[in-house]
Amino acid sequence: MFGRDTKDESPKGGQRQGFLRRLTQRLGRGGRLTFDLSTLLRGRKIDAELLEDLEARLLGADVGVEATQSILAGLNRRLARKELADVDALIAALRTAVEEILAPCARPLVVDSSRRPFTILVVGVNGSGKTTTIGKLSRRLHEQGHSVLLAAGDTFRAAAIEQLAVWADRTAASYVAQHAGADPAAVVFDALQSARARGVDVMIADTAGRLHSQAHLMEELKKIKRVLQRGDPSAPDEVLLVLDANQGQNALAQAVQFHEAIGVTGLVITKLDGTAKGGIVIAIARRLGLPIRFIGIGEQPEEFGDFDAHAFAAALVAGPAETLAQDGG
Ligand SMILES: Nc1nc2c(ncn2[C@@H]2O[C@H](COP(=O)(O)OP(=O)(O)O)[C@@H](O)[C@H]2O)c(=O)[nH]1
Ligand SMILES: [Mg+2]
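What counts, and at which threshold
Residues numbered from 1 in each chain as written. Chains lettered and ligands numbered in written order. Predicted model: local features only at pLDDT ≥ 70, side-chain atom pairs only at ≥ 80, totals over all residues. Helix = DSSP H or I, 4+ residues; strand = E, 2+ residues; numbered from the N terminus. Contact = placed C-beta atoms within 7 Å. Buried ≥ 20, exposed ≤ 12 C-beta atoms within 10 Å, placed from the backbone. Near = placed C-beta within 6 Å. Nonpolar A, V, L, I, M, F, W, Y, C, P; charged D, E, K, R; others polar. Core = buried A, V, L, I, M, F, W, Y, C linked by C-beta atoms within 7 Å. Domains from an automatic or database assignment. Axes fitted to C-alpha atoms, helices over the stretch in contact; angles between N-to-C directions. Parallel < 35°, antiparallel > 145°, perpendicular 65-115°, else oblique. Left-handed = near helix turned anticlockwise from the far one by under 90°. Expected span 1.5 Å × (residues − 1). Arc of directions from axis to C-beta. Pairing = 2+ DSSP bridges.

1. Let's talk about the overall build of the protein chain
A count of helical and extended segments in the protein chain gives 13 helices and eight strands. For the protein chain, contacts bridging at least 24 residues in sequence account for 77% of all contacts bridging at least 6.

2. With respect to helix α12 (residues 309-316)
The buried count for α12 comes to seven of eight residues, which makes it a mostly enclosed element. For α12, the full list of buried residues reads Ala-309, Ala-311, Phe-312, Ala-313, Ala-314, Ala-315 and Leu-316.

3. Some points on the site of ligand 1
By nearness alone, 17 residues border ligand 1, and Gly-129, Lys-130, Thr-131, Thr-132 and Gly-296 come closest of all. In terms of residues, the shell around ligand 1 owes the most to one element, helix α6 (residues 130-143), which gives three residues. Of the residues belonging to the shell around ligand 1, the class tally is two nonpolar, eleven polar and four charged.

4. Describing the nonpolar core
If you look at the biggest cluster of nonpolar residues, it comprises 97 residues, and the most contacted ones within it are Leu-150, Ala-151, Met-203 and Ile-204. The residue makeup of this core includes at least three contributed by each of domain 1 (3-105 + 315-328) and domain 2 (118-307). Each residue touching Leu-150, except ones within four places of it in the same chain, is listed here: Ile-134, Ser-138, Leu-164, Trp-167, Ala-168, Ala-173, Tyr-175, Ile-204 and Asp-206.

5. Re the packing of helix α3 (residues 48-60) against helix α4 (residues 65-80)
Running from N to C, α3 and α4 point in directions that differ by 160°, and their axes come no closer than 10 Å. On the basis of their axis angle, the class for α3 and α4 is roughly antiparallel. Of the two possible hands of crossing, α3 and α4 adopt the one that is right-handed. Where α3 abuts α4, its residues Ala-48, Leu-51, Glu-55, Leu-58 and Leu-59 lie against Val-65, Thr-68, Ile-71, Leu-72, Leu-75, Asn-76 and Leu-79. Residues belonging to the contact of α3 with α4 are distributed by class as follows: nine nonpolar, two polar and one charged.

6. Brief notes about helix α10 (residues 249-262)
In a regular helix each residue adds 1.5 Å, so 14 residues correspond to 20 Å; α10 covers 20 Å between its end C-alpha atoms and thus fits that length. Along α10, the residues that are buried comprise Ala-251, Leu-252, Gln-254, Ala-255 and Phe-258. Each buried residue of α10 lies within a common arc of 160° when the element is viewed along its axis, so the set occupies one face. Residues of α10 that are exposed and point over 90 degrees away from its buried face: Ala-253 and Glu-260. The first or second residue beyond α10 is Gly-263, which carries a positive phi of 75°.

7. Considering the sheet that holds strand β2 (residues 148-151)
Judged by pairing direction, the sheet is mixed, and its eight strands sit side by side in the order β3-β2-β4-β1-β5-β6-β7-β8 without closing on themselves. If you trace the sheet from one side to the other, it starts and ends with β3 (174-176) and β8 (304-306), each paired once. Averaged over all pairs of adjacent strands, the angle between their axes in this sheet comes to 20°, without regard to strand direction. Alignment of strand β1 (residues 118-123) against strand β5 (residues 238-244), held across four bridges, turns out to be parallel.

8. Here's the deal with the packing of α10 against helix α11 (residues 280-288)
Look at α10 against α11: their axes get within 9 Å of each other, and the N-to-C directions meet at 30°. Relative to α11, the element α10 lies roughly parallel. Considering how the two elements wind past one another, α10 and α11 form a crossing that is right-handed. Contacts from Gln-249, Ala-251, Leu-252, Ala-255 and His-259 in α10 reach Ile-280, Ala-283, Ile-284, Arg-287 and Leu-288 in α11. Of the residues contributing to the contact of α10 with α11, the split by class is seven nonpolar, two polar and one charged.

9. As for unusual backbone geometry
Keep in mind that most residues, glycine aside, have a negative phi and that most peptide bonds are trans. The residue after Arg-116, namely Pro-117, is reached through a cis peptide bond having omega 0°. Relative to the assigned elements, Pro-117 resides in the loop between α5 (87-102) and β1. For the bond running from Ala-235 to Pro-236, omega is -10°, close enough to zero to count as cis. You can see Pro-236 is positioned in the loop between α9 (214-231) and β5.

10. Things to note about the pairing of strand β7 (residues 292-296)
Burial runs high along β7: five of the five residues are buried. In terms of strand pairing, strand β6 (residues 266-270) meets β7 through three bridges, oriented parallel. Across the sheet, the residue bridging to Val-268 is Phe-294, located in β7. Note that β7 and β8 share three bridges and pair antiparallel. Opposite Phe-294, over in β8, you have Asp-306 as the bridge partner.

Here it is in structure tokens:
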């Protein structure tokens, strides 16, 4: 573990440091990128051959061709300028290159208080972590003093409606639902009216991630958006796409598809705990440049936080010393 993580001792700072420490540990646990670097670099000379091996590792960790090539081009330039004297210099340069790709995407969600309700539509494939993310977000907004209403727009299964009700209960949120099989657009429209009537600050709408086909799903999401706009032409304020990091390159494909179909304004990347595919975040950042609003590193409500490019790059590209510290701690 890291002794230096204890600098900020305010309660909020403590929470944040705790989150960063967990992020580092969990990416380290499953992260092939972290693990492989220490074995790859041990006792090696920093030369073109080593960079080629590094390239293969990045591709293997789902960093993707585009981002890997851009990272490698930068490292090769530094190598030519003799700036990569040793392993530490290489790790630092790699971290910086990763952080540069991620930094433009580190834009947290800001609830515009002039919009009441501020409406968030949550989309993504089945099992990506939508409902869990809504619960976590609801809890966080509640802690920040916002009143929240959850709309059960996933009407595909009764269990999904029930799961959202549990989260509403746990996070002191209002809740609007209809029966299983109801028209999701109607549920979300009702929820908007209800949020207005109650003067709620933020409405979060869950949606189904599975239908008869992907085309059906996209049509349904477009319809929800259209119907919502009948109630409020500026809604939704945020279309939050939830992606499961374990899906690797498939998560990137989903992002492209959802973005084309309905226009995504923010991403949540879940299940970064124990995945070997944390590198996908780099690929997604490079390819789409969409704001990454939150990351999920576990099932519990507090295992959720803002995306911090510097911390994420550091956690992902841990050097041999950090890897050893984790093994020992
Ligand atoms: N390990 C881990 N599990 C998660 C995370 N987010 C969600 N899950 C789990 O993933 C499963 C599917 O989540 P759910 O929210 O129901 O997905 P949905 O179908 O998109 O609504 C559940 O078992 C969640 O507890 C995360 O960040 N880490
Ligand atoms: Mg769900």
